[in-house]
Amino acid sequence: MALYEHTVMSRQDISAQQAEALNDTIKDLIVAGGGSVAKIEYWGLRNLTYRVKKNRKAHYSLLAIDCPPPAMAEVERQLGINEDVLRWLTVRVEELDLELSPLLARRERERERDRERTPREDAEVAA
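The structure displayed is predicted, hence computed values, not measured ones.

This brings us to helix α2 (residues 69–81). The end-to-end C-alpha distance of α2 is 19 Å, a good match for the 18 Å that 13 residues give at a rise of 1.5 Å each. Along α2, the positions that sit buried rather than exposed are A71, M72, V75 and L79. Seen from one end, α2 has its buried residues packed into an arc of 100°, which puts them on one side. Of the exposed residues in α2, those oriented more than 90 degrees away from the buried face are P70, G80 and I81.

Structure (structure tokens):
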């Protein structure tokens with residue numbers, strides 16, 4: 001089986017739950033095709049550099065997939081039909097990276113830094 005990293009951009013006017021449901025639909029298609037999804041990361045609603053189909057923002061998701069090529073072709077066919085999907089990119093890789101993506105790793109570091117900060121430090125920064 002082949003290994004893929006698959007990134008999906010979906011319309012800004014759908015909710016985060018609908019974007020996650022789209023990820024679940026992709027996962028179901030992969031499993032039905034005889035593959036597996038090792039990791040799903042939802043990156044949230046992010047600004048686009050330029051307009052894509054009249055949208056200024058998009059919901060981004062990253063999936064690490066292990067599946068046969070026909071299953072991936074079916075996923076791409078289904079995404080082409082789906083009106084909520086703006087763009088997608090599938091890249092075949094040598095091995096799957098199961099660590100947090102740099103985007104989510106940075107967010108996690110910022111959250112930990114905020115948790116470690118004491119209330120007194122917050123007051124000093126505000127002053």
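The next thing to look at is unusual backbone geometry. In this structure, K53 is a non-glycine residue whose phi angle is positive, near 50°. Secondary-structure assignment places K53 in the loop between β2 (36–52) and β3 (55–67). In this structure, K54 takes a positive phi of about 65° despite not being glycine.

It is worth spelling out the side chain of E41 at this point. Structurally, E41 can be placed in strand β2. At 3.4 Å, the side chain of E41 and the side chain of K39 are in polar contact. Other than its neighbours up to four places away in sequence, E41 contacts Y60, S61, L62, E99, L100, S101 and L104.

Structurally, L79 is set in helix α2. Residues L79 and T25, spaced 54 residues apart in sequence, show a C-alpha to C-alpha distance of 10.0 Å. Every residue in contact with L79, bar those within four places of it in the chain, is listed here: H6, V8, L22, I26, V85 and W88.

So, how was this worked out
- Per chain, residue numbering runs from 1 following the sequence as it is written.
- Only residues with pLDDT of at least 70 get local features here, since the model is predicted, and only at 80 or more are side-chain atom pairs given and counted; chain-wide, interface and lining totals rely on the full set of residues.
- Based on all heavy atoms of the structure, the side-chain values leave hydrogens and waters out of the count.
- What counts as a helix is a DSSP run of H or I of at least four residues, what counts as a strand is a run of E of at least two, and both are numbered from the N terminus.
- A helix is expected to span 1.5 Å for every residue after the first.
- Partly exposed describes any residue whose relative accessible area lies between the buried limit of under 20% and the exposed limit of over 50%, with all areas from a 1.4 Å probe on protein chains only and scaled to the type maximum.
- Directions from the helix axis toward the C-beta atoms define the arc.
- A 3.5 Å cut-off defines polar contacts: any pair of N or O atoms within that distance qualifies, except that in protein one atom must be a possible hydrogen donor and the other a possible acceptor, and neighbouring residues in sequence count only when both atoms are side-chain atoms.
- In what follows, a contact means two residues having at least one pair of non-hydrogen atoms within 4.5 Å.

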